[in-house]
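# Observations on chain architecture
Residues per chain are reported as follows:
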Amino acid sequence: MRRRICAGNWKMFKTAAEGVEYVERFLEYAVSVPENVEMILCPPFTALEAVGVALRQSQGDDRRVKLGAQNMHWETSGAYTGEVSAPMLLDLGVQYVILGHSERRRYFNETDEAVRLKTQAALNAGITPIVAVGESLELREDGKTQTHVVAQVLAALGDLDTEQLQRVIVAYEPVWAIGTGKNCDPKEANAVMRAIRGCMPGLQDVPILYGGSVKPENMAQYVSQPDIDGGLVGGASLSPDGFATLAKEAA
């Protein structure tokens, strides 16, 4: 059975102190989330250490709520001003990393090749990559959604073997739905997930998350679809009680 996952992408929100306060409140709500739902918090780099410490101190070794990062470089070290490497993330207890988010592709010119390199680097380091793919409104209106999304998946994951694929999470986030309040119809999203699963061997059992204006009110509609395994959540993850409620709905 595929894992059920809810990952909260805080984007460029919350200081270290605000992140610790969030963890304290979130863990109170998270105890009511069913055991079959895995929860991941992805704060900005400046809050990673503080949030990681707060999660460890509050949960001990058996941590249901895991720590994720929002990006990383593909090299382990080097003259890359402003970048962060996998060993640096591991040093902070990071277990997951979001790669290829549409905002990275749009605002920072991140290419499919960069996403491929980062995905391989994360796997080599033992960090689980959450590889984000998705289409623009223009591509959607031209009927090119599945062609574009499948091409992104193959570009990022095409060189991986079956064992490596089992350590990957894919997130389908239609770009036109991110932060707009316009969520993709669950059946339409599921059709894209099905296309992703069928584009190469080894993806049939990989968790695929939906992202794009997902919230507590619509999460259950998405996970009721056979190929949707949870959510990569943006704005709705910034409220600790709201994100916990969403995770409960994902069960």
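Relevant structure appears above.
We now turn to the structure provided with this report. (Residues numbered from 1 in each chain as written. Predicted model: local features only at pLDDT ≥ 70, side-chain atom pairs only at ≥ 80, totals over all residues. Heavy atoms only, no water.)

## Some remarks on the pattern of salt bridges
As enumerated under the stated definition, the model contains 14 salt bridges in all. Linking Glu38 and Arg3 is a salt bridge whose minimum nitrogen-to-oxygen distance equals 3.6 Å. Of the two residues, Glu38 is situated in strand 2 (residues 37–42) and Arg3 in the segment before strand 1 (4–9); the sequence distance between them amounts to 35 residues. In this structure Arg3 comes out as partly exposed when scored by relative accessible area, which is 31%. Glu188 is paired through a salt bridge with Arg140; the nearest N and O atoms lie 3.0 Å apart. Here the residue Glu188 occupies a position in helix 9 (residues 186–197), and Arg140 occupies one in helix 6 (residues 137–141), the gap between them amounting to 48 residues. (Salt bridge = Lys/Arg side-chain N within 4 Å of Asp/Glu carboxyl O. Helix = DSSP H or I, 4+ residues; strand = E, 2+ residues; numbered from the N terminus. Buried < 20%, exposed > 50% of the residue type's maximum accessible area, 1.4 Å probe, protein only.)

## Some details on a negative patch on the surface
On the surface, Glu18, Glu21, Glu24 and Glu28 cluster together into a patch of negative charge. Mapping Glu28 onto the fold places it in helix 1 (residues 16–30). What makes Glu28 exposed here is its relative accessible area of 58%. (Patch = residues over 30% accessible without salt bridge, like charges linked within 9 Å, V, L, I, M, F, W, Y side chains within 5 Å. Areas by Shrake-Rupley, 256 points an atom, 1.4 Å probe, with all protein chains shown as cover. Lys, Arg positive; Asp, Glu negative; His and termini not counted. Charge placed at Lys NZ, Arg CZ, Asp CG, Glu CD.)

## Points about the side chain of Gln225
Within the secondary structure, Gln225 sits in the loop between helix 10 (216–223) and strand 8 (230–233). Setting aside residues no more than four positions away along its own chain, Gln225 makes contact with Pro186, Lys187 and Asn190. (Contact = heavy atoms within 4.5 Å.)

## Describing the pairing of strand 5 (residues 128–133)
Most of strand 5 is tucked away: six of the six residues are buried. Along strand 5, one buried face is formed by Thr128, Ile130 and Ala132 and the opposite face, lined by Pro129, Val131 and Val133, is buried too. Direction of pairing for strand 4 (residues 96–99) relative to strand 5: parallel, over a ladder of four bridges. Looking across to strand 5, one finds that Tyr96 is bridged to Thr128. Inspection of the sheet shows strand 5 paired to strand 6 (residues 169–172) by four bridges, in the parallel sense. (Pairing = 2+ DSSP bridges.)

## A few points about the pairing of strand 3 (residues 65–69)
Buried residues dominate strand 3, accounting for five of its five residues. Judged by which residues are buried, strand 3 turns out to be covered on both faces: Val65, Leu67 and Ala69 on one side and Lys66 and Gly68 on the other are all buried. Bridge count between strand 2 and strand 3: three bridges; the pairing is parallel. Its bridge partner lying in strand 3, Ile40 is registered against Lys66. In this sheet, strand 4 lies alongside strand 3 in parallel orientation, the contact comprising two bridges. Among the inter-strand pairings, Ala69 is bridged to a residue of strand 4, identified as Val97. Crossover strand 3 to strand 4 through helix 3 (residues 86–91) is right-handed. (Right-handed = clockwise from strand over helix to strand, strands pointing away.)

## What to know about the nonpolar core
Formed by 65 residues in total, the largest nonpolar core has its most connected members in Phe26, Leu41, Leu89, Leu157, Ile196 and Tyr210. Grouped together as the second largest cluster of nonpolar side chains are 12 residues, Ile5, Cys42, Ile98 and Ala132 included. (Core = buried A, V, L, I, M, F, W, Y, C linked by side-chain atoms within 4.5 Å.)

## A short note on unusual backbone geometry
A negative phi holds for most residues other than glycine; trans holds for most peptide bonds. Positive phi values are uncommon outside glycine, yet Lys11 reaches one of about 55°. Note on placement: Lys11 falls in the loop between strand 1 and helix 1. Despite not being glycine, Lys14 shows a phi value in the positive range, around 80°. Its location among the elements puts Lys14 in the loop between strand 1 and helix 1.

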